[in-house]
Structures are given as structure tokens and as C-alpha cells.
Amino acid sequence: VERTLSIIKPDATKRNLTGAIAKKFEDAGLRIVAAKRIQLTPEQAGKFYEVHKDRPFFGELRDFMASGPVVVQVLEGENAIAKNREVMGATNPKDAAEGTIRKEFAQSVGENSVHGSDAAETAKEEIAFFFSGLELV
Ligand code: ATP
Ligand code: MG
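Remember, it's a predicted structure, so these values are computed and weren't measured experimentally.

**Thoughts on the UniProt feature "binding site: ATP" (unreviewed entry) in the protein**
For step 1, the next point in the chain: The UniProt entry lists Lys9, Phe57, Arg85, Thr91, Arg102 and Asn112 under the feature "binding site: ATP" (unreviewed entry), expressed in the numbering used here. None of the other annotated residues line the largest pocket; only Lys9, Phe57, Arg85, Thr91, Arg102 and Asn112 do.
For step 2, the next point in the chain: Within the secondary structure layout, Arg85 lies in helix α5 (residues 80-88).
For step 3, the next point in the chain: With respect to the helices and strands, Asn112 occurs in the loop between α6 (101-105) and β4 (114-116).
For step 4, the next point in the chain: With sequence-adjacent residues up to four places away left out, Asn112 is seen in contact with Lys9, Asp11, Thr91, Arg102 and Ala106.

Written out as C-alpha cells, the structure reads:
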């Protein structure tokens, strides 16, 4: 089985959608094996999204991710990385398929309710960014 890192972003925690989004993961066969609600500083958010530091939207993304609480979760399952991205839907909710989290809940391409790791290597790094070995069973 595979593990991936999911973040329920501030636009979604603000609108009380944590449970509705978690249910989407569970309904898709993903198991939530670790979870916590935290608030990132702009510095921490910028470090997490460092790969995008030269993109024009970087400042906006960093400040948005620090604008309220997030729920970080480790999801486990068969092909968890790809399955999570399928359940999330396209980055821009306008392009997201029917039934996906972003189609149902996202407000814009920036405030798009969820993050999911995009590959095995980044999943490993992103899980370690938020969770210690002790928190992962
Ligand atoms: P994520 O990495 O959050 O799971 P993703 O892999 O679908 O999303 P990326 O291209 O990695 O998309 O972009 C990271 C995040 O940056 C997006 O989820 C979104 O919040 C923000 N973002 C991407 N493109 C734009 C844009 N054109 N304008 C504003 N914000 C954007
Ligand atoms: Mg991405």
C-alpha cells in the first residue's frame, strides 16, 4: 500500500468542510492514518510550496495557506497518490470533473480546498514535513 499527504486548505476549514472532504477520501477507499489541525506561518507555508517560488502566484499562495487553520492528513491505500488526486479533481474547479472535491467545494484556482502530493518522492518528503515517525503507525 501507498501513502500520500493531503491538506484541507483554509478556505475549506473556514466553511466547516473538513468532515465532508474526509468522507470523500474514505468513500474512495482511502484510509486516514494520521491527522491534525494546525495553522502555518507564512514562512512555513512558503517552505512547503517552495517548488512554486518562481511562479507569479507564489506570494498569494503562501499567504492564503497561512490565512487560517489547515487539516493535514496522511492517506493510505492502493495507489493512494493517484487516487487522492483523482478524488481532488483538477487544480482549477472550472476544469474539475463532476463529483470531485474541487468541483463541489473549491472557490477558485487558488482557493481550491485541498492539496495532494503529486509523486512518490514528494509524498515521502511532504509526510515527513508534517509528521514525525512517532505519529505514523
Ligand atoms: P496542490 O499542489 O495544491 O495539490 P495542484 O498540484 O493541483 O495543487 P499546482 O500546480 O501544484 O496544482 O499548484 C499548487 C497550488 O497553487 C494550487 O493548488 C493552487 O492553490 C495554487 N495555484 C496554482 N495555479 C494558480 C494560479 N494560476 N493562480 C493562483 N493560484 C494558483
Ligand atoms: Mg501540486
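**Focus on the nonpolar core**
For step 1, the next point in the chain: Leu5, Ile7, Met65, Val74, Phe130 and Phe131 are the most contacted members of the largest nonpolar core, which has 18 residues in total.
For step 2, the next point in the chain: For this core, the element with the highest residue contribution is helix α4 (residues 58-65), accounting for 4 residues.
For step 3, the next point in the chain: The residues contacting Met65, other than those within four sequence positions of it, are Ile7, Lys9, Pro10, Leu40, Ala45, Tyr49 and Val70.
For step 4, the next point in the chain: Listed in part, the 14 residues of the second largest apolar core include Ile21, Phe25, Met88 and Val114.

**Details of the environment of Phe131**
For step 1, the next point in the chain: Residue placement: Phe131 occurs in the segment after α7 (120-130).
For step 2, the next point in the chain: The exposure class assigned to Phe131 is buried, which follows from its relative accessible area of 6%.
For step 3, the next point in the chain: Along the chain, Phe131 and Val114 lie 17 residues apart, while their C-alpha atoms are 18 Å from each other.
For step 4, the next point in the chain: Apart from residues no more than four positions distant in its own chain, Phe131 is found in contact with Leu5, Ala34, Ala35, Lys36, Val72, Gln73, Val74 and Leu136.

Thresholds, definitions, all that
- Residues numbered from 1 in each chain as written.
- Chains lettered and ligands numbered in written order.
- Predicted model: local features only at pLDDT ≥ 70, side-chain atom pairs only at ≥ 80, totals over all residues.
- Heavy atoms only, no water.
- UniProt positions renumbered as here; feature names shortened; annotations may be inferred.
- 1 Å grid on protein atoms, 1.4 Å probe; cavity = no way out; pocket = protein on both sides within 12 Å on 5 of 7 lines; lining within 4 Å.
- Helix = DSSP H or I, 4+ residues; strand = E, 2+ residues; numbered from the N terminus.
- Contact = heavy atoms within 4.5 Å.
- Core = buried A, V, L, I, M, F, W, Y, C linked by side-chain atoms within 4.5 Å.
- Buried < 20%, exposed > 50% of the residue type's maximum accessible area, 1.4 Å probe, protein only.

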